[in-house]
Amino acid sequence: MDYDLSLVLPFLIKKADEILELSTEHVLVVLISLVIASIIGVGTGLLVWEKPVARSAAVATAGVILTIPSMALLTILIPIMGLGWASTVFALSIYSLLPIVRNTVVGLREVDPAVIESARGMGMSKVAVLMKIQFPIAWPVILTGLRVAAQLSVGIAAIAAYVAGPGMGAYIFKGLSMLGAANALNFALTGTVVIVIIALSFDAVFILINRLTTSRGIRV
Amino acid sequence: MSKATSGASIELTNVTKSYPNQPQSAVENFSMSINPGELIMLVGPSGCGKTTTMKMINRIIEPTSGSIKIDGEDILSLDQNILRRRIGYVIQQIGLFPHMTIAENVSVVPKLLGWDKAQIASRVEELLSLVELDPSKFANRYPKQLSGGQQQRVGVARALAADPPVMLMDEPFGATDPITREKLQDEFLRLQATIGKTIVFVTHDFDEAIKLGDRIAVLSERSQIEQFDTPANILANPASDYVSSFIGEGAALKRLALIPISSAKLSSTSATGPSVEISENLREALDHIVLNGGAPVPVTDAKGKSLGSISVKEISSALGADVSSLGIKKGK
């Protein structure tokens, strides 16, 4: 198939407002889901890290959730939560749980037992040791979990357009549905490229957050 | 040597620790009474329960039965965290908090105790100087920027932060190289001479026990006390074959290192060769004699004034003397 490159620029100019709106939505839906997933995921990690049964159950559950194909999950959610934002946020949040829960648990468990023992031996309570010693030391690992979750969500959010969810996925589906038409490829490619740019931007932001919030003493 | 004593007495009575599913207790009926300001060494092979015994004093490990009192107060009825803030704790792996600066590490317990900022800052400065780390240079560094020996000093400073009457030390110098270890030990002795804490110090190194301890408890399985006495007395009269085997080769030489030349009877005959100072120990004197072809060597005071000479004969007779008079140790 011939692809007329000279048509790309006029397409982008004509659609600029819409592209901006959809990408803002895309970023927003990922951010909202990430905040929800962080609260649930990190909270769960803090509660279960030391309890073998609960820990395995939490990580396994989060793992099973991630194996549900996104298209299937979104379809199931339509009758419950309807089309649009609610279903998308819900799906992205639960998909994000695995990297967040797992990294929180791993990070907290990886803290040198000698460090924990000396903290306890100095008269810090268990909660104080967890929040003031373990959590800050585990922070870079936990943050990596959030970063992976963000990447995952940016990708899956594209599929959410299928249930009329927000974001750039709309362009990809539009392009697919009008295959053969003049602008089909422009829609699909624009959607894809913008999503890649969003993903890279999230990554850059996480690198920056890591620099700013990790103690110099444990920075690699 | 006058010692400041800010330590507390510790009294362990019939302390036992047994774990479920284990036929033998880890520690069985351990009783010991420790005087304020005393440095007690618990020595024994690995797995003998010495560390378990020590860790019951700050209840990192809870005793199954028995009683532990610090200055007469039953510590098993105290809140664990309150108790631990009054006991300094140093472990072999040091366990500095990697995300905190040296100053922050040292100020953890004072912060828990609610000291005000100015008080904490001046205490941190004082402690870092005490362990010979320049505060202006080290306070804002992170643990990973320090050598092993420097980290261990911070570990000691951190344990001393709130001026606890009791210190527990679990092989604190075990992970350092021999040269650093010896330096840390010397510094530690000097430090203890000024702070006079009651210290329970666990080690598997008998030479370290001799060097540091006021009294040594040689432990065998289940933390049974084979002998509990001063280093000089244990070296002179090991209570059993077990203790002898723990002392190892060269007991006489080890004893010599504990006896200052001043407690030997010097010969008035003059001698030639490299002189030794009277404040040195008999092992040093013997060392000089060996290097002098076996002939007696002159002994001088600190100013170099001759006090007489010493030969192998005087050294031997010092060893044969009543050991109780050799109880004075660590001539320096």
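You'll find the structure just up there.
Reading guide: rules and limits
Throughout this document, residue positions are counted from 1 along each chain, in the order its sequence is written. The order in which chains are written sets their letters, starting at A; the order in which ligands are written sets their numbers, starting at 1. Residue-level local features of this predicted model are given only where pLDDT is at least 70; pairs of side-chain atoms are given and counted only at 80 or more, and the full residue set underlies all totals for whole chains, interfaces and linings. Computation of side-chain values: all heavy atoms of the structure, hydrogens and water removed. Numbering of helices and strands runs from the N terminus, with a helix taken as a DSSP run of H or I at least four residues long and a strand as a DSSP run of E at least two residues long. Relative accessibility decides the category of a residue: with a 1.4 Å probe and only protein chains considered, values under 20% of the type maximum give buried, values over 50% give exposed, and everything between is partly exposed. Whether two residues are in contact is decided by their heavy atoms: any pair within 4.5 Å suffices. Every accessible area reported is derived by Shrake-Rupley at a probe size of 1.4 Å, with residue values counting cover from the shown protein chains alone. Charged-residue counts in this description rest on Lys and Arg as positive and Asp and Glu as negative, His and the chain ends being excluded. Think of each charge as sitting on NZ of Lys, CZ of Arg, CG of Asp or CD of Glu. Each pair of strands is called paired provided DSSP finds at least two bridges between the two strands. Think of it like this: strands point away, you trace from the first strand over the helix to the second, and a clockwise trace means the crossover is right-handed. Patch membership requires more than 30% relative accessible area and the absence of a salt bridge. Residues of like charge join within 9 Å; the nonpolar side chains Val, Leu, Ile, Met, Phe, Trp and Tyr join within 5 Å. Take a side-chain nitrogen of Lys or Arg and a carboxyl oxygen of Asp or Glu: if they are within 4 Å of each other, that pair is a salt bridge. Where helices are involved, their axes are fitted lines through C-alpha atoms of the stretch in contact, as for all axes, and angles between N-to-C directions lie from 0 to 180°. For a crossing to be left-handed, the near helix must be turned anticlockwise from the far one by less than a right angle; the clockwise case is right-handed. In this count, Pro and Cys sit with the nonpolar residues alongside Ala, Val, Leu, Ile, Met, Phe, Trp and Tyr, while Asp, Glu, Lys and Arg are called charged and the others, Gly among them, polar. Throughout this description, the term nonpolar core refers to a set of buried Ala, Val, Leu, Ile, Met, Phe, Trp, Tyr and Cys residues connected via side-chain atoms within 4.5 Å. To be clear, the arc concerns the directions from the helix axis to the C-beta atoms. The term buried area means the drop in 1.4 Å probe accessible area that two parts suffer when joined, counted for both and summed.

**Remarks on the overall build of chain A**
Tallying secondary structure elements over chain A gives eight helices and zero strands in all. The secondary structure elements of chain A, listed N-terminal to C-terminal, are α-α-α-α-α-α-α-α. Viewed in the frame of its principal axes, chain A has a C-alpha envelope of about 70 × 40 × 25 Å. Counting over 220 residues, chain A shows a buried share of 48%. Within chain A, counting contacts between residues at least 6 apart in sequence, those at least 24 apart form 77% of the total. With the model as given, the accessible surface of chain A reaches about 10,800 Å², and the carbon-plus-sulfur share is 73%. Mean positive and mean negative side-chain charge positions of chain A (14 and 11 charges, respectively) differ by 13 Å.

**As for the sheet that holds strand β1 (residues 10-17) of chain B**
On the basis of which strands lie adjacent, the open sheet formed by four strands has the order β2-β1-β4-β5 (chain B) and antiparallel pairing. Looking along the sheet, the strands with just one partner apiece sit at the ends: β2 (27-34) and β5 (73-74) of chain B.

**A short note on the pairing of strand β7 (residues 166-170) of chain B**
Residue and element names in this part refer to chain B. Taking burial as the measure, the five residues of β7 include five buried ones, the bulk of the element. Of the two faces of β7, both are covered, the one formed by Val 166, Leu 168 and Asp 170 as well as the one formed by Met 167 and Met 169. Strand direction decides the pairing type here: strand β6 (residues 87-91) and β7, joined by five bridges, are parallel. Residue pairing for β7: Tyr 89 is matched across the bridge by Leu 168. Bridge count for β7 against strand β8 (residues 198-203) is five bridges, and the pairing is parallel. What sits directly across from Leu 168, in β8, is Val 200. After leaving β7, the chain enters helix α8 (residues 178-195) and then returns to the sheet as β8, a path that is right-handed.

**Brief notes about a nonpolar patch on the surface**
All names here are of chain A. Where nonpolar side chains cluster on the molecular surface, the patch consists of Val 27, Leu 28, Leu 31, Ile 32, Val 35, Ile 36, Ile 39, Ile 40 and Trp 85 and spans about 750 Å² of accessible area. Of all the elements, helix α1 (residues 8-48) adds the most residues to the nonpolar patch, at eight residues. Within the secondary structure layout, Leu 31 lies in helix α1.

**Section: the sheet that holds strand β9 (residues 215-220) of chain B**
All names here are of chain B. Overall, mixed pairing links the six strands, which are arranged β6-β7-β8-β3-β9-β10 in an open sheet. Two strands close off the open sheet at either side, each with one partner strand: β6 and β10 (224-229). Here the average twist between neighbouring strands, direction ignored, is 15°. In this fold α8 packs onto β3 (39-43), β7 and β8, with an angle of close to 160° to the strand it touches most, β8.

**With respect to the packing of α1(A) against helix α6 (residues 126-159) of chain A**
All names here are of chain A. Look at α1 against α6: their axes get within 9 Å of each other, and the N-to-C directions meet at 145°. As α1 runs across α6, the sense of the crossing is right-handed. Residues His 26, Val 29, Val 30, Leu 34, Ser 38, Val 42 and Leu 46 of α1 form the contact with α6, whose participating residues are Leu 130, Met 131, Phe 135, Ile 142, Leu 146, Ala 149, Ala 150, Ser 153, Val 154, Ala 157 and Ala 158. Per-class residue counts for the contact of α1 with α6 are 15 nonpolar, three polar and no charged.

**Topic: the environment of B:Ser129**
Residue and element names in this part refer to chain B. Within the secondary structure layout, Ser 129 lies in helix α5 (residues 117-130). Judged by relative accessible area, which is 41%, Ser 129 ranks as partly exposed. The spacing of Ser 129 and Gly 308 is 179 residues in sequence and 40 Å in space, taken between C-alpha atoms.

**Some remarks on the nonpolar core**
All names here are of chain A. If you look at the biggest cluster of nonpolar residues, it comprises 52 residues, and the most contacted ones within it are Val 154, Met 168, Tyr 171, Phe 202 and Phe 206. Only α1, α2 (52-67), α3 (70-81), α4 (85-110), α6 and α8 (184-213) provide two or more residues apiece to this core. With 13 residues, α6 is the single largest residue contributor to this core. Discounting chain neighbours no more than four positions away, the residues touching Tyr 171 are Phe 11, Lys 15, Glu 18, Ile 19, Leu 22, Phe 187, Ala 188, Thr 190 and Gly 191.

**As for the pattern of salt bridges**
Residue and element names in this part refer to chain B. Counted according to the given criterion, the structure contains 14 salt bridges over all chains. Across the pair Glu 187 and Lys 183 runs a salt bridge, and its minimum N-O distance is 3.4 Å. Of the two residues, Glu 187 and Lys 183 are both situated in helix α8; the distance of four residues between them amounts to about one turn of the helix. Owing to a relative accessible area of 46%, Lys 183 belongs among the partly exposed residues under this scheme. Shared partners join several salt bridges into a network, and the residues in it are Arg 153, Lys 183 and Glu 187.

**Description of helix α7 (residues 169-177) of chain A**
Three or more residues of α7(A) are buried, namely A:Gly169, A:Tyr171 and A:Gly175. The buried residues of α7(A) occupy an angular sector of 160° when the element is viewed end-on, so they sit on one face.

**Overview of the interface of chain A and chain B**
With 20 residues of chain A at the contact, the number on the chain B side is 26 residues. Buried area between chain A and chain B, both sides added, is near 1,900 Å², and the carbon and sulfur share of it is 61%. Where chain A touches chain B, the interface holds one salt bridge. In this structure, B:Lys55 engages A:Glu117 in a salt bridge whose closest nitrogen and oxygen atoms are separated by 3.0 Å.

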